[in-house]
Amino acid sequence: MNFDGLDAGMGEYPPSLHGTLEAGMEPSMDPHLNPNLLQGVELDPEGLAVTVPEPVHLMEGMFSELHSVVSEVGIPVTATHFDLQEEMLWMGNHRGHVTSFFGPTMGRHSSFQAHAADDIRHIQSLETGVLFLSKSNLKCHTRGGLVMFDYPMEDGADMHSLLMTDNNTLLMGGLQNYAVEVDLNTVQETQKITLRDLRSFKTEHEFDAFSGSLSDFDVHGNLLAACGFSSRGLNGLACDRFLMVYDLRMMRAVTPLQVHVDPLFLRFIPTYTSRLAIISQTGQCQFCEPTGLANVADIFHVNTVGQLLMSFDVSSSKQALAFGDSGGCVHLWSDAPEVSFNDYSRETEFALPCLVDTLPQLDWNHDLLPISLIPMPLTSTEPLLSDWPSALATPSPSHSVELIRFSFSALMVPYKIKDVELDYDNYNQVPESPIGRDEEPHLYMVPKKYRKVTIKYSKLGLEDFDFKHYNRTLFAGLEPHIPNAYCNCMIQVLYFLEPIRCLVQNHLCQKEFCLACELGFLFHMLDLSRGDPCQASNFLRAFRTIPEASALGLILADSDEQTGKARLGRLIQSWNRFILTQLHQETQEQEGPQAYRGASSSSLGSSGESAIGKLFGCEVENSSLCRCGKETVRSSLTLLFTMHYSEQSSQEKTKEYDFAEILKKSICLEQSTQAWCENCEKYQPTVQTRNIRCLPDVLVINCEVNSAKEAEFWKVQAEYAFNKAKKKEAMEPPKPKEPPPMPTEWCLDGEEAASMEGFTFDTQAEDLRHVWIPLTLKMSISKSQGLEVSSWPEGEELSAAEEADGASLYDLVVTVPHVLDARTGGNLVAHIKVGETYHQRKEGVTHQQWYLFNDFLIEPIDKAEAAQFDVSWKVPAILYYAKRNYHTKYDLRIKNPIDASVLLTEASLARKQRKSHATFIPLMVTEMPQAGDLVGLDAEFVTLNQCHHAGCDGTKSTIKPSQMSVARITCVRGQGPNEGVPFIDDYISTQEQVVDYLTQYSGIKPGDLDAKISSKHLTTLKSTYLKLRFLIDTGVRFVGHGLQKDFRVINLLVLKDQVIDTVYLFHLPRKRMISLRFLAWYFLDLNIQGETHDSIEDARTALQLYRKFLELSRGGGTDEVRKVLKGLYEKGRQLDWKVPDSDTGDGQEKLDESLDAALHCEHEAADGQRNVLSQLHFEYEATASSRLT
């Protein structure tokens, strides 16, 4: 860029702006710097921050200043650049110093010297670092400041700009007649390129733009726009107010564009149109269309306080503009208050806070506390071994605190447990602001454990993803990458209510899509899991079919979930109301276990009382009083209450309220509204009041904090409560803390034994910051005063007189907050007080503990944290208060309602299915499986949604896997005279749209799953699921190939000792997995899966391979098996793991002979063989016909 002819105010600097200032000659403060710039600015060694009034109000769509910061006063900012990978803004100044600022708040991220004396002329961000170009040098630094490489130019070089041609190659050019190409892999110059056409080695085209020199140009689509200087004779150069616009298709100029400012920089900012931003050196900016007329109204001014603009850049998202001026100030402009620099930015790593400032509090009374953590004072005058003589010791250099912090973070290389683990998902590390949380509270407000967790899928799916990194407990998390998985936190809430857990597992009905049944199946998996996450896929599949859920807007589109457009706080409260009502309807009049075959006699939706009604229900009396005196009273059952807050004007100061007071007003609600009066026969103003007649066992509260007004009310009330607690604590003598309880099995490896996090201590006032809700409530109903609600000390019990009066204590057991995170769209988590029975089942110990449930991240927390709501990022949504010892009156036994009757075949849903097409023979009563029996299993799947990939650098990473649905499940007998004969071969009907039938791999064809045209034995997923559940509960052992994925898609959890997977039987460590087809050819001489897969064939083959494995094991033991497997891998490498196209007729004949033998009983007489098969088919037909009737 040619700076000749710039404003005279630049005369203090050498004629060439990029000349080198002699060391020590620069003034510490620019004498031309306006003193007004320093008003409200605090000087520090690292830089200055301009105070911007808060909050910053921006008009949507109009660019205005968002923030300004000063790097070094008086040192011109010669280069600005928006990072293309992270939410950072880089600037370089005239002295070679660079600084990065994080996000729209411009918090300082890093600051270091890139070049000793030369100015920074161009900045370019890469995936792994940042390039800084000076006059004769190119350097690459990490974003923390460590040097990656230093590339000096030849003598006489005067470089001004660089251009990335691909990920590993760049071009550099300047005031010479050649450009330099550099390979970033080898950091070497590959060639010098003269500015010629590569085909003809001649100049392709020239545009004679300006009579003076070119200032800036930009290209968008087919348009090239340029600005520059025109010659004014003896007066030198002056900015030309005509922009030259060229059409690159015709290689000619279009009509010049006249602007109202002196253009120095220009950039295309394509959003809805191809807008041009034209910037003058005095800070004026004008927007115009390249083919239209400029409008004076489109001009705004950058307040540089008399300084000149030296650099300009536009973010890749086109939402932010950055200006650097000659006074060392960087100005950030935006057209929206919530601005992002890139469309898809990765997480930014921050320097860890100084460890000296964050030493944990040590408890001397803790038995397991390592002694090495306790600082020991010197008690003697004897010299220490580490006290070297001064002659042998070198003086330690003095460093600033900031430098120590930065160096510490740069040298700390986190150890990655798995290669597939996301860099920003390091467990329990909360990135802090590099200058401290107190100084920059708006940076990283959301703690790490509360942010949305994600799974990075590799080629192996989830097999190499370490979920233990996020969950050190034995409780099971839930995976989030399923449509409508926003309700995972509420599923966990229902699971940890013991009566609900038992109720739904005892429930079983014939409805195809019953949420109570699906919850029971899911809770059974959560019971069996030992810390591994589960999926709620079948439950959410049934949830999507409920018409009421769709009518209430609870079914989210994929786009809403991914973009974060859904209002999750309001949504989860509606879901809470819906699920309680739905479970209440589905479980009415189902007192005990319902047999699957006999459930048709139940009348769902009847007026009978359900266990849900007993647990959550509260009989309320609603009274409507018209002004004519007519009063109408009606009774109803409510399952939850909604908070209603006091109405106050904006000017009036918010009064102090106790939570119990607001809760009482919300339960006993009184409001005026228009209602129909039968006496007046028209709508009249009516006073409606609500009173309750009984107290529920579990009090469910929707907080309704859905606007800034309610959030401010919570904030103010929490401040009142906190100040009151501080005063109370100041008046009382300090109490010694009780020793924490012994750590339990959730501390798996002992590495957290010294940590105090997760244990429960005596609550101090500081722990009550942001706390308004009490941990315990006292509630009672009296005839004289009605409902009474008050806060109660957590550890105290009621007196006998109070219990006699009907008072009850309610303990806080659940809080569900909505976490506000602009970068991820927010998420929902749950704080749950897990009871003694759950710890007893999982860990064998009896205690209670609060936990944070964030999808598959589970972490113990303190009780105070569960009640804290900093509404700037953590908004309360749902509260559960449980009556103390309420579960003692409920039957908490689980009687498995799934019996052998589910294995009796039922009529196919397909209308064209015929008996002659039956591909399986159901089990007879004498064949019912026993524990330890073998069952061959195989499943085929179809795709409902394709997987989603991300990667702007050409690489692909799966951010959301394809959604699979089971389409066919086959089980074959694993022993007995009918070994190999299938007894289940169900095609699964689906109501969701199938994207890909995967016919080549599944054998499923379009129409096979359609009840109108299918000729297969078509059933519901629930029917087949019950069959598999019965086999699992019986204790059979499943034999198959790749069963882990099969069970995952079917949504079943099977204990490892019940699974025999041939994938792992014939596998050597650190070697590839071998396909079933190759194993069958190598060991059994069978050629299977020729054109498509057949699940019956695959299940039989897996059984035969298991028999072969047992034969090898018995023959020579482990050594023999390993020897055979080495031969298998050697043969596979020779054939490239492809089955040769040789004739395998002999092997097929052997298979046919074995199948024929399995289809007949081993009787001597031929008549006996025919009679047995006839009997099997007769029983099948009789069962099917009885099922139809």
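These numbers were taken from a predicted model, which means no experiment stands behind them.

Asker: Residue-level account of the overall build of the protein chain, with values.
Answerer: When helices and strands are tallied, the protein chain shows 22 helices and 49 strands. In the protein chain, which comprises 1189 residues, the share counted as buried stands at 50%. Of the contacts made within the protein chain by residues no fewer than 6 positions apart, 62% connect residues no fewer than 24 positions apart. Counting every atom, the protein chain has about 58,200 Å² of accessible surface; 52% of that belongs to carbon and sulfur.

Asker: Provide a residue-level description of the packing of helix α2 (residues 488-495) against helix α4 (residues 515-528), including the pertinent values.
Answerer: Packing of α2 against α4 leaves a shortest axis separation of 11 Å and a crossing angle of 80 degrees. Here α2 lies roughly perpendicular to α4, going by the angle between them. Contacts between α2 and α4 involve I491, Q492, L494 and Y495 from the first element and L519, L522, F523, L526 and D527 from the second. A class-by-class count of the residues in the contact of α2 with α4 yields seven nonpolar, one polar and one charged.

Asker: Describe the sheet that holds strand β5 (residues 97-102), with residues and values.
Answerer: Within the open sheet, the four strands sit side by side as β3-β4-β5-β6. Their pairing is antiparallel. Lying at the two open borders of the sheet, with one neighbouring strand each, are β3 (77-82) and β6 (107-113). Shown here is a sheet whose adjacent strand axes are inclined to one another by a mean of 20 degrees, direction ignored. In terms of strand pairing, strand β4 (residues 88-93) meets β5 through five bridges, oriented antiparallel. Counterpart to M91 in the pairing with β5 is T99.

Asker: Let's hear about the UniProt feature "binding site: a divalent metal cation" (unreviewed entry) in the protein chain: which residues, and what values?
Answerer: Under the UniProt annotation, "binding site: a divalent metal cation" (unreviewed entry) lies at D938, E940, D1046 and D1098. Over a stretch of 161 residues, the named residues converge on one spot in the fold, their C-alpha atoms separated by at most 12.9 Å. Among the structural elements, D1046 can be located in helix α17 (residues 1043-1050). Contacts of D1046, omitting those with residues within four sequence positions, involve D938, A939, F941 and H1041.

Reading the values: the criteria
- Residues numbered from 1 in each chain as written.
- Predicted model: local features only at pLDDT ≥ 70, side-chain atom pairs only at ≥ 80, totals over all residues.
- Heavy atoms only, no water.
- Helix = DSSP H or I, 4+ residues; strand = E, 2+ residues; numbered from the N terminus.
- Buried < 20%, exposed > 50% of the residue type's maximum accessible area, 1.4 Å probe, protein only.
- Contact = heavy atoms within 4.5 Å.
- Areas by Shrake-Rupley, 256 points an atom, 1.4 Å probe, with all protein chains shown as cover.
- Axes fitted to C-alpha atoms, helices over the stretch in contact; angles between N-to-C directions.
- Parallel < 35°, antiparallel > 145°, perpendicular 65-115°, else oblique.
- Nonpolar A, V, L, I, M, F, W, Y, C, P; charged D, E, K, R; others polar.
- Pairing = 2+ DSSP bridges.
- UniProt positions renumbered as here; feature names shortened; annotations may be inferred.

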